Amino acid sequence: MKKSLFVLLAVLVVFAFPAVAQGGKESASPKIGFIGPMTGDNANYGVLSNNSAMLAVEQFNARGGIDGKIPVVLVTEDSEGVAEKGLSAIEKLSSSDKIVGLVGPVFTGVSFAVGERVQNEGIVMLSPSATHADITNIGDYVFRTVVSDGLQGEVAGTYFANVLGYKTIGVLYAKNDYSQGLYEGMSASFVANGGTITIAESFNVGDKDFKTQLTKIRSANPQAIYIPNYTAEMAQILEQASQLGMRIPFLSCDGFSNPDIYNLAGDFTDGVIYVGPAKVKESPSFAKFVADYTSKYGVGPDSFATNAFDGTNILLAAMDKVYKATGKFDRKAVRDEVAATKDYAGVSGTINFAENGDLIAYQGLYKVNKITPEYLGTFTVVDGQLVQID
Amino acid sequence: MGIAEFFQHLMNGLTLGGIYALIALGYTMVYGILKFINFAHGDVLMAGAFIGLFVFDWLRGSAPLGAWTIIAFFLAMVVSMAVSALLGMFIERVAYKPLRTATRLAPLLSAIGVSFILSNGAAWAFGTRSRKFNYPFDNTPITIAQVVITPHQILILAVSLVMMIALKLFVDRTRMGKAMRATSLDQPTAMLMGVNVNKVISMTFAIGSALAAVGGILIALDFKVYASMGTMTGLKAFVAAVVGGIGNISGAMFGGILLGVLETFGVAIFGIPTGLKDTIAFGVLILILLIRPEGLLGKVEKEKV
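This one's a predicted model, so the numbers in the text were calculated from it and none came from an experiment. (Residues numbered from 1 in each chain as written. Chains lettered and ligands numbered in written order. Predicted model: local features only at pLDDT ≥ 70, side-chain atom pairs only at ≥ 80, totals over all residues. Heavy atoms only, no water.)

### Comments concerning the nonpolar core
Judged by nonpolar contacts, the single largest core of 88 residues is most densely connected at Tyr-96, Phe-133 and Met-229 of chain B. The greatest single-element share of this core, amounting to 15 residues, is contributed by helix α8 (residues 197-223) of chain B. Beyond its immediate sequence surroundings of up to four residues, Phe-133 of chain B is in contact with Ala-49, Gly-52, Leu-53, Phe-56, Phe-73, Ile-217, Ala-220, Leu-221 and Val-225 of chain B. Among the nonpolar cores identified, the runner-up in size contains 75 residues, and Ile-90, Tyr-178, Leu-251 and Val-338 of chain A belong to it. (Core = buried A, V, L, I, M, F, W, Y, C linked by side-chain atoms within 4.5 Å. Buried < 20%, exposed > 50% of the residue type's maximum accessible area, 1.4 Å probe, protein only. Helix = DSSP H or I, 4+ residues; strand = E, 2+ residues; numbered from the N terminus. Contact = heavy atoms within 4.5 Å.)

See below:
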């Protein structure tokens, strides 16, 4: 009897302590979350963007934090790029870490799942890279600091048709939301501008052999092939196309702006034209961000990481404003503050959100020379017409 | 579809099939002797690919493509075969031998356990990102009458063929091969006749694992090296072994090639959606089990290993 009482007591003590410790810490430092693939084939996307979030929080805290006195804590969760893992990540961040806002998720598929959750829980979310046109339609708590595929697809389709002058394009896309969304967006505007999609082949995520699809595409003989995918697949596709002796030009999407493609595919990237982020005028803030980032992590940021830096800073600024006005971190108030962002001078350029949470934006076009992307110009589409900004 | 496209698909299918065949040999040899399916075989293949990658990168250093890289590649292959053979023997000794007298289900479950340990262990030790296995030679494709063939594809076909013929000769012509055939036919009797059955079984695992390592390295050149690379390839090779007639060496070769060609043609010619590519192999498996469970070559040859 005595012994069991002792055991009970011991258990109580063990459980009580962390609860006290956590309770005390929580009121001191508000937490924000990050969700992205930190392991797996696509870990590079998550790691680069998470670096940005860490850097932004570190710099913010070094300046004094919220109201000059409260540091913010960043909690990173690994999604492995899989929706189920993303759901358990947001579960933990929301209920156990009690985050005020979320940077991420990195992938479109994960963002669809996590977006529904943050909308229900009332947590503001800023994805640096979920580009599917429908992401922001989930609800008013979902924002992004990346251009919607709607625009990317439109710019791609009109540019391929009107500037590059292609009449026929073949497509090799992956069966995921990101890839399929880009393919559909591009083909809609390409067809509207008089082009024809001669063949559209697909594959499952994780496939390594694309020779069958490429052989079929080669027989359909399009003028160019559009491959809106992630780096691991694009590297395989480019290499195998060369093994099949295909000399057709390749066109791609913002996934190509991740430098990992040059490690995986090497020289096969030569000549690829892709739609990516619009280049910011060499602003001092951008140069400083790249320098800070590179000196800290030893690698440069990709475009998504640049977006993640801006997203984190917008979230932190909103939290700061809300705290100064009310003395607490109300999730709804933080969301409203994010939505009210006006002409925010981010490192990726001036940021404004449209009514639905989309970034108001432009697109850049790049052409790869061996393994170096060269900038072709900044474009947007207004009323179906391609407009070059500079 | 033009003639050229047909032959292109055929070429792609043959090389895919060559690899399946090479790996199927390992399944079939073990099954022939122990009547048990070694589900860890695909993961030994993965281990072989990693070993090959490390040895090759270490030997090569930063040397440009040339005679040395080709020598380094084959050296790496030999080292990988040797280490994988030891790994195979070790797995047999630790996880299967103690269960030889247990129910038939026990070693099968043990094999699935070994498979998970190997693939998760590799993911933990080497990470889950794909690693590039650089070609040791210039892989610029050659065009023959509009059909494009890469030196890598020729290598796959050549190595698979050499390995299969060597194995067939070994089993048919050597003393050890004879002992294997005897063990396969009737273990207790073979033992009474003075065959060292334990040694024969160890040898079987060693050869099967060495062949898996070769398959792993050949695949890695095209599809990169990663911890889960053995899973699907292993399953497909297993199907190939069953289709050809499990326990039968010629059957494994035939089944492998047939499966590779069927997969490619299924999508390219018969219009099966690309997303269902992997289901072709398993569809064929069910069909064979229903119509001819002994496999296509199951009864043609009595010889078993």
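After that view of the structure, there is still more to cover.
### Here we look at the domain arrangement of chain A
Residue and element names in this part refer to chain A. Considered domain by domain, chain A is made up of domain 1 (9-147 + 282-351) and domain 2 (150-277 + 363-388). The straight-line distance from the C-alpha centre of domain 1 to that of domain 2 is 31 Å. The interface of domain 1 with domain 2 comprises 16 residues on the first partner and 17 residues on the second. Carbon and sulfur atoms make up 54% of the surface buried where domain 1 meets domain 2, a total of about 1,400 Å² over both sides. (Domains from an automatic or database assignment. Buried area = accessible area lost by both parts, 1.4 Å probe.)

### Describing the pattern of salt bridges
Residue and element names in this part refer to chain A. With the rule as written, the count across this model stands at 26 salt bridges over all chains. Here Arg-117 makes a salt bridge to Glu-121, at a shortest N to O gap of 2.8 Å. Of this pair, Arg-117 and Glu-121 both sit in helix α4 (residues 108-121), separated by 4 residues, roughly a single helical turn. Given the relative accessible area of 32%, Glu-121 is considered partly exposed. The shortest N-O distance in the salt bridge between Lys-288 and Asp-292 comes to 2.7 Å. Of the two residues, Lys-288 and Asp-292 are both situated in helix α10 (residues 284-297); the distance of 4 residues between them amounts to about one turn of the helix. Classification of Lys-288 as partly exposed rests on a relative accessible area of 49%. A cluster of three or more residues bridged by salt bridges with shared partners is formed by Lys-31, Glu-77, Lys-92 and Asp-97. (Salt bridge = Lys/Arg side-chain N within 4 Å of Asp/Glu carboxyl O.)

### So, the confidence of the model for chain A
Segments scoring low in pLDDT should not have their predicted coordinates read at a detailed level. With 92% of its residues at a pLDDT of 70 or more, chain A shows a mean pLDDT of 88. Per-element mean pLDDT across chain A ranges from 49 in helix α1 (residues 2-28) of chain A up to 97 in strand β8 (residues 224-226) of chain A. (pLDDT = per-residue confidence, 0-100.)

### Observations regarding the environment of Glu-374 of chain A
All names here are of chain A. Position of Glu-374 relative to the elements: it lies in strand β14 (residues 372-382). Sequence separation between Glu-374 and Ile-273 is 101 residues, and the spatial gap between their C-alpha atoms is 9.3 Å. Those residues in contact with Glu-374, other than ones at most four positions away along the chain, are Leu-365, Tyr-366, Lys-367 and Asn-369.

### Observations regarding the side chain of Thr-136 of chain A
Residues and elements named next belong to chain A. Secondary-structure assignment places Thr-136 in the loop between β4 (124-127) and β5 (142-144). The buried category is assigned to Thr-136, whose relative accessible area is 3%. A distance of 3.4 Å separates the side chain of Thr-136 from the side chain of Arg-144, its partner in a polar contact. A polar contact is formed between the side chain of Thr-136 and the side chain of Asp-358, at a distance of 3.2 Å. Among all residues touching Thr-136, those that are not within four sequence positions of it are Val-142, Arg-144, Asn-356, Gly-357 and Asp-358. (Polar contact = N/O pair within 3.5 Å; in protein donor to acceptor, adjacent residues only side chain to side chain.)

### What about the packing of aromatic side chains?
This structure, assessed with the given rule, holds 32 aromatic pairs over all chains. For the pair Tyr-173 of chain A and Tyr-183 of chain A, a centre-to-centre distance of 4.6 Å together with 15° between the ring planes defines the contact as stacked. Placement of Tyr-173 of chain A in strand β6 (residues 168-174) and of Tyr-183 of chain A in helix α6 (residues 177-192) is noted, with a sequence separation of 10 residues between them. Accessibility classification places Tyr-173 of chain A together with Tyr-183 of chain A in one group, the buried group. When the ring of Tyr-135 of chain B is compared with that of Phe-137 of chain B, the centres are 6.1 Å apart and the planes differ by 45°; the resulting orientation is tilted. A connected cluster of aromatic rings, assembled from ring pairs, spans Tyr-45, Phe-107, Tyr-178, Tyr-230 and Phe-304 of chain A. The aromatic ring of Tyr-141 of chain A is capped on one face by Arg-335 of chain A, whose charged end is 5.9 Å from the ring centroid. (Phe/Tyr/Trp six-rings, centres within 6.5 Å; stacked < 30°, edge-to-face > 60°. Lys NZ or Arg CZ within 6 Å of the ring centre and 35° of its normal.)

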